[in-house]
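Analysis of the macromolecular model
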Amino acid sequence: MHLGLSGLNTHVGMPLMARSEKQLLAKTAQQMSAGKFSSAVKTAQIGMKSYPKSPAFCSAAGLASAQMGLHKKAADYFVRTLSVAANSVETQDNLVQALVLAGDVDKALAYSSKFLAADSNRDAQHYLRAMAYLQIGRPDLAEPEAARAHKIAPTKMRNLKMLAETQSAAGFYEDAATTYANLAKLHPDETQLVIEQSNMHVRAGDIPGAKDVMTAARELRSGTADMIGHLANLHMMTGDADAAEACFVQQSDIDPVAGAAWFGRASLAKTETAEKLLVQLCQNASQASGNDHNSALMHFGLAELARKTADGSLEESALQTANAIEAARRPYDQRAAIAEIEQLCAIDFTTPNDASQHQPIFILGLPRSGTSLLERMIGAHPDVTQLG
């Protein structure tokens, strides 16, 4: 959301600028355009010293710092900008966002309340407040803010996406499904929106509804590999192995290196067809990148087919390759894993409207062992909320 280069002059607020000031500001803009953000900050600092009453250089330094991920520093520059241009709406929005991204949610909300007191009809501020509340695990407070942002600016996709995200986080899965459906209508080329709509039906325990969404989307859009793969997983969840296999075949036809499709086909393959499929998968696996997740899944598929054809040597080799790829992609940090579990155990699951203590359910397992499927199955129960 941070302003682009066109925003550098919006806070100047002076009808006339010295030529040297314009040149310095132009140099800052050129450096930012070239991705030289550190240099842009240095140039902006020169401008701040030479022209202390000009907010443009403070704003530019903040924007450049934000591009480098230095959000706390960016916030400091935006505060300084507001000291000479207090009514700059764009800087106010940038300040709150920088504070949220810096993790200083309390200060972000305090500034936001101050800005909204002057003008409550600002969708960006409500959007940022929703982002802040999500960051501290308060979807119950985030959802109303997102709804307000959407009401003020209903045509902005950003606001509608935030509304769907907060509805999902708050457990309003049916509402989130409707919101994602509206998003999909507005942006029919973004197939991930349809998948998210289907996921909300799954979380609401409506697997048939999820399948209907994907089936209709598949017929309307001819189906992308991701959409067909998602539909295959839904068929798996309802035990329709034949329909799932047909989807996996179609997915692998569209994308020959779709690892999930090949792993699905290998898992469902009958013994009498495993050998033929093994030859085909060996050929396709050679086309995949040697160190991405697709390649790992294809080798897991090879191992499964090798097991079904009693080729112990190939099974062992394929498993070693797949596990080596996954280990390199996601190195295991025991301390970090323990810290994460301890953090989850420390969460207070009591809600303001429910004095009872909700007990967490932890699902542990190896990759590709069915943990995600189990989470969705358990999460379909009306008394269970999925946290992801």
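Please refer to the structure placed before this passage.
Report on the accompanying structure.

What counts, and at which threshold
Residues numbered from 1 in each chain as written. Predicted model: local features only at pLDDT ≥ 70, side-chain atom pairs only at ≥ 80, totals over all residues. Heavy atoms only, no water. Helix = DSSP H or I, 4+ residues; strand = E, 2+ residues; numbered from the N terminus. Buried < 20%, exposed > 50% of the residue type's maximum accessible area, 1.4 Å probe, protein only. Contact = heavy atoms within 4.5 Å. Areas by Shrake-Rupley, 256 points an atom, 1.4 Å probe, with all protein chains shown as cover. Axes fitted to C-alpha atoms, helices over the stretch in contact; angles between N-to-C directions. Parallel < 35°, antiparallel > 145°, perpendicular 65-115°, else oblique. Left-handed = near helix turned anticlockwise from the far one by under 90°. Nonpolar A, V, L, I, M, F, W, Y, C, P; charged D, E, K, R; others polar. Patch = residues over 30% accessible without salt bridge, like charges linked within 9 Å, V, L, I, M, F, W, Y side chains within 5 Å. Salt bridge = Lys/Arg side-chain N within 4 Å of Asp/Glu carboxyl O. Lys, Arg positive; Asp, Glu negative; His and termini not counted. Charge placed at Lys NZ, Arg CZ, Asp CG, Glu CD. Expected span 1.5 Å × (residues − 1). Arc of directions from axis to C-beta. Phe/Tyr/Trp six-rings, centres within 6.5 Å; stacked < 30°, edge-to-face > 60°. Lys NZ or Arg CZ within 6 Å of the ring centre and 35° of its normal.

1. A word on the overall build of the protein
Each helix and strand counted, the protein has 20 helices and zero strands in total. Per-residue burial over the protein gives 43% buried out of 388 residues. Within the protein, counting contacts between residues at least 6 apart in sequence, those at least 24 apart form 50% of the total. Carbon and sulfur atoms make up 52% of the accessible area of the protein, which totals about 20,500 Å².

2. Comments concerning the packing of helix α13 (residues 225–237) against helix α14 (residues 241–254)
Between α13 and α14, whose axes approach to 8 Å, the crossing angle comes to 165°. When the interaxial angle is binned, α13 and α14 end up roughly antiparallel. In this structure, α13 crosses over α14, and the sense of that crossing is left-handed. Note on element contacts: α14 touches α13 through Ala 243, Ala 244, Cys 247, Phe 248, Gln 250, Gln 251 and Ile 254, opposite Ala 225, Ile 228, Gly 229, Leu 231, Ala 232, Asn 233, His 235 and Met 236. Here the contact of α13 with α14 is built from residues that sort into 10 nonpolar, five polar and no charged.

3. With respect to a negative patch on the surface
Residues Glu 174, Asp 175, Asp 206 and Asp 212 make up a contiguous surface patch of negative charge. You can see Asp 175 is positioned in helix α10 (residues 173–186).

4. Regarding the packing of helix α15 (residues 259–268) against helix α16 (residues 271–285)
Orientation of α15 relative to α16, taken along the N-to-C sense of each, is 165°, at an axis distance of 11 Å. By the angle class used here, α15 and α16 are roughly antiparallel. Seen from above, α15 lies across α16 with left-handed handedness. Two secondary-structure elements touch here, α15 through Trp 262, Arg 265 and Ala 266 and α16 through Leu 277, Gln 280, Leu 281 and Asn 284. Grouping the amino acids of the contact of α15 with α16 by side-chain chemistry returns four nonpolar, two polar and one charged.

5. Thoughts on unusual backbone geometry
Of note, Ala 310 is a non-glycine position whose phi angle comes to about 60°, a positive value. With respect to the helices and strands, Ala 310 occurs in the loop between α17 (293–308) and α18 (312–329). Of the residues examined, Ala 310 reaches a relative accessible area of 69% and is grouped as exposed.

6. Here's the deal with the pattern of salt bridges
In this structure the tally under the stated criterion is 12 salt bridges. Here Lys 107 makes a salt bridge to Asp 104, at a shortest N to O gap of 4.0 Å. The salt bridge involving Glu 326 is made with Arg 330; its shortest N-O contact spans 2.9 Å. Relative accessible area serves as the criterion here: at 7%, Glu 326 is assigned to the buried category. We classify Arg 330 as partly exposed; its relative accessible area is 48%. Through salt bridges with shared partners, a single network forms among Asp 123, Lys 156 and Arg 158.

7. Some words on the environment of Met 162
Residue position: Met 162 is located in helix α9 (residues 157–169). Look at Met 162 and you get buried, because its relative accessible area is 5%. Between the alpha carbons of Met 162 and Tyr 127 there is a distance of 7.2 Å; along the sequence they are 35 residues apart. With near-sequence residues (within four places) excluded, Met 162 lies in contact with Tyr 127, Ala 130, Met 131, Leu 134 and Ala 146.

8. Section: helix α8 (residues 139–152)
The end-to-end C-alpha distance of α8, which contains 14 residues, comes to 20 Å, matching closely the 20 Å that a straight helix rising 1.5 Å per residue would cover. Of all the positions in α8, only Pro 139, Ala 142, Glu 143, Glu 145, Ala 146 and Ala 149 are classed as buried. Looking at the packing, one finds that the buried side of α8 touches α7 (123–135) and α9.

9. Overview of α18
Here α18 spans 26 Å end to end across 18 residues, near enough to the 26 Å set by a 1.5 Å rise per residue. Of the residues making up α18, those classed as buried are Ala 318, Ala 322, Ile 325 and Glu 326. Buried residues of α18 fall within an arc of 95° about the axis and therefore sit on the same side. Away from its buried face, by an angle of more than 90 degrees, α18 presents the exposed residues Ser 313, Gln 320 and Ala 328. Summarising the contacts, the buried residues of α18 are in contact with α17.

10. Focus on the packing of aromatic side chains
A full pass over the atoms with the stated rule returns two aromatic pairs. Geometrically, the ring pair formed by Tyr 51 and Phe 57 is stacked, given 6.1 Å between the ring centres and 20° between the ring planes. Residue classification places Tyr 51 among the partly exposed positions, given a relative accessible area of 21%. Classification of Phe 57 as buried rests on a relative accessible area of 0%. One cation-aromatic arrangement involves Arg 158 over Tyr 127; the distance from NZ or CZ to the ring centre is 4.7 Å.

Interpretation note: all reported values are geometric properties and have no functional meaning in isolation.
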